[in-house]
Amino acid sequence: MIDLRTLFFTIILVPWMLSSAARNGYMEARKPKKEVLTIQDYETTGDSDTSPAAAPKDEGELPTCLLCVCLTGSVYCEEVSPEMTAVPSLPKETAYLYARYNKITKITNKDFADIATLRRIDLTGNLISEIEDGAFSKLALLEELNLSENKLAKLPMLPAKLISFNANYNQLKTKGIKSTAFKKLTKMAYLYLGNNELEAIPQLPESLHIVHLYNNKITTLSDETFCQGNNTQYIRANMEEVRLDGNPLLLAKHPNSFVCLRALPIGPYH
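The protein has the name Mimecan in an unreviewed UniProt entry, where Hucho hucho is given as its organism. Reading the Sequence similarities (unreviewed entry) entry of the UniProt record for the protein gives the comment "Belongs to the small leucine-rich proteoglycan (SLRP) family. SLRP class III subfamily." Under Subcellular location (unreviewed entry), UniProt gives the following word-for-word description of the protein: "Secreted, Extracellular space, Extracellular matrix".

Colleague: What am I meant to see in the state of the cysteines here?
Modeller: A covalent bond bridging the sulfur atoms of two cysteines is what the word disulfide describes. Taken as a whole and assessed by the stated rule, the structure comprises 3 disulfides. Residue pairing for C65: its cysteine sulfur links by disulfide to C70, the two sulfurs lying 2.0 Å apart. On the sign convention where negative means left-handed, the S-S torsion of about -90 degrees between C65 and C70 marks this disulfide as left-handed. Across a sulfur-sulfur distance of 2.1 Å, C227 and C260 are joined as a disulfide pair. The sign of the S-S torsion, about -85 degrees, decides the handedness of the disulfide formed by C227 and C260: left-handed. Of the two residues, C227 is situated in the loop between β10 (210–212) and β11 (241–243) and C260 in the segment after β11; the sequence distance between them amounts to 33 residues. When the cysteines engaged in disulfides are numbered in sequence order, the protein pairs them as 1-3, 2-4, 5-6.

Colleague: Would you mind showing me how to read the sheet that holds strand β8 (residues 164–166) here?
Modeller: What links the strands of a sheet is backbone hydrogen bonding, and the strands pair in either a parallel or an antiparallel sense. If you walk across this open sheet you meet the 9 strands as β1-β2-β3-β5-β7-β8-β9-β10-β11, and the pairing is mixed. Pairing within the sheet leaves two strands with one partner each, and these edge strands are β1 (69–71) and β11. Within this sheet the neighbouring strands show an average axis-to-axis angle of 5 degrees, counted without direction. The pairing of strand β3 (residues 96–98) with strand β5 (residues 120–122) spans 3 bridges and is classified as parallel. When the sheet's bridge partners are listed, Y98 is paired in β5 with D122.

Colleague: Just to check I follow, could you spell out empty space enclosed by the protein for this structure?
Modeller: Think of a ball as big as a water molecule: rolled over the atoms, this probe shows where empty space is left. Across all of its chains, the model carries 1 cavity of 30 Å³ or more by this definition. Of the voids in this model, the largest cavity is the one considered here, and its volume is about 30 Å³. Around the largest cavity, the lining residues are M239, E240, E241, V242, L261, R262 and A263. In terms of residue class, the lining of the largest cavity is built from 4 nonpolar, no polar and 3 charged.

Colleague: Any chance you could explain the packing of aromatic side chains here in plain terms?
Modeller: Ring pairs (aromatic) are described by centroid distance and by the angle formed between their planes. All chains considered together, the criterion is met by 4 aromatic pairs. Look at Y76 and Y98: their rings are 5.0 Å apart centre to centre, the planes differ by 5 degrees, and that puts the pair in the stacked class. Of the two residues, Y76 sits in strand β2 (residues 74–76) while Y98 sits in strand β3, which places them 22 residues apart along the sequence. Each ring, one from F226 and one from F258, has its centre 6.4 Å from the other, and the planes form 45 degrees; the classification is tilted. Pair noted here: F226 is in the loop between β10 and β11 and F258 is in the segment after β11, with a separation of 32 residues, a long-range link. Taken as a pair, F226 and F258 share a single burial class, namely buried. One Lys or Arg, R243, reaches over the ring of Y214 and ends 4.1 Å from the middle of that ring.

Colleague: Please clarify how unusual backbone geometry should be interpreted in this entry.
Modeller: Glycine aside, residues mostly have negative phi angles, and peptide bonds mostly take the trans form. Looking along the chain, the bond that leaves S81 and enters P82 is cis, with omega of 5 degrees. Here P82 is to be found in the loop between β2 and β3. A positive phi angle is found at E149, which is not glycine, with a value near 60 degrees. As for its placement among the helices and strands, E149 is situated in the loop between β7 (144–146) and β8. Its identity as a non-glycine residue notwithstanding, N195 has a phi of 55 degrees, on the positive side. Tracing the chain through its elements places N195 in the loop between β9 (190–192) and β10.

What counts and what doesn't
- Here the residue numbers are simple positions, counted from 1 along each chain's written sequence.
- Since the coordinates come from a predicted model, pLDDT governs what is reported: local features require at least 70, and pairs of side-chain atoms require 80 or more to be given and counted, while whole-chain, interface and lining totals use all residues.
- To obtain the side-chain values, all non-hydrogen atoms of the structure were included, while hydrogens and water were left out.
- UniProt positions are given in the numbering used here, feature names are shortened, and annotations may be inferred rather than shown by experiment.
- When two cysteine sulfur atoms lie within 2.5 Å, the pair is treated as a disulfide.
- Counting from the N terminus, the helices are the DSSP runs of H or I reaching at least four residues and the strands are the DSSP runs of E reaching at least two.
- One bridge is not enough; two strands pair if DSSP finds at least two bridges between them.
- Interaxial angles span 0 to 180 degrees and are taken between N-to-C directions of axes, which are lines fitted to C-alpha atoms, for helices over the stretch in contact.
- Here the term cavity refers to a set of points on a 1 Å grid, laid over the protein atoms alone, in which a 1.4 Å probe fits but cannot get out; the term pocket refers to an open set having protein on both sides within 12 Å along at least five of seven lines, with lining residues being those that place an atom within 4 Å of a point.
- Grid points are joined across faces, edges and corners, and a volume is the space filled by probe spheres set on the points.
- Residues are grouped as follows: Ala, Val, Leu, Ile, Met, Phe, Trp, Tyr, Cys and Pro are nonpolar; Asp, Glu, Lys and Arg are charged; all remaining types, including Gly, are polar.
- The criterion for an aromatic pair is that two Phe, Tyr or Trp rings (for Trp, the six-membered ring) have centres within 6.5 Å, with stacked assigned to planes under 30 degrees apart, edge-to-face to planes over 60 apart and tilted to the rest.
- Per-residue accessibility, obtained with a 1.4 Å probe over protein chains only, is compared with the maximum for each type, and a residue is labelled buried under 20%, exposed over 50%, and partly exposed between these values.
- To sit over a ring, a charge needs its Lys NZ or Arg CZ within 6 Å of the ring centre and within 35 degrees of the ring normal.

Below, the structure written as structure tokens:
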């Protein structure tokens, strides 16, 4: 006689187990598969050559985006510790660089050679005393350049589309600036050269709205400095503000130098 337990297992339990397994398999097949997103750990090293953090220039250096704050298109490297003495390697898509109040001493031709997307560079408050002449030559989109509070005695060639240039509080001398350095910059609207050692005013573009030349060593003006000499009909319509205060210059002695301006320059008249 067949054991009742064997009969129960064969007739009832086995069919139930098979139908349950089939049902579970069917339900698993019905479930949508979840996509697995792999998030790359940028703090670990790997074989890949690409990374959102710019690679260091030399072995032993930390990637820029670990020293600085990198947002989409912007890099903030202000008062970096340990001290930053050179322009850091930048992500390829950088448009805005703020590297203020560090110990950068020199800008080379290689520093920005591969970053054609740059629109603004702010290097205020460093120790920059030298800029190689082609350092900004490949920056066709650069509109704002701030080099104030450094140790520059001369300027390199500047990008053609520059709108605002600030070199206040440097050691710039007239012989360190080419006579046509600014004249060719037909989009420049704001020029700040205060607190330097300039002895003469360089040629200025017609596009200028504001020019600051205060606290220099300027001693003379000509009828061509701002105006067009004998052309009494000429009006320099764009110019809104000229600062010449703090120079050994008596403006009242040069009345014909301002006849084309909409407002008299700021400075001593008597």
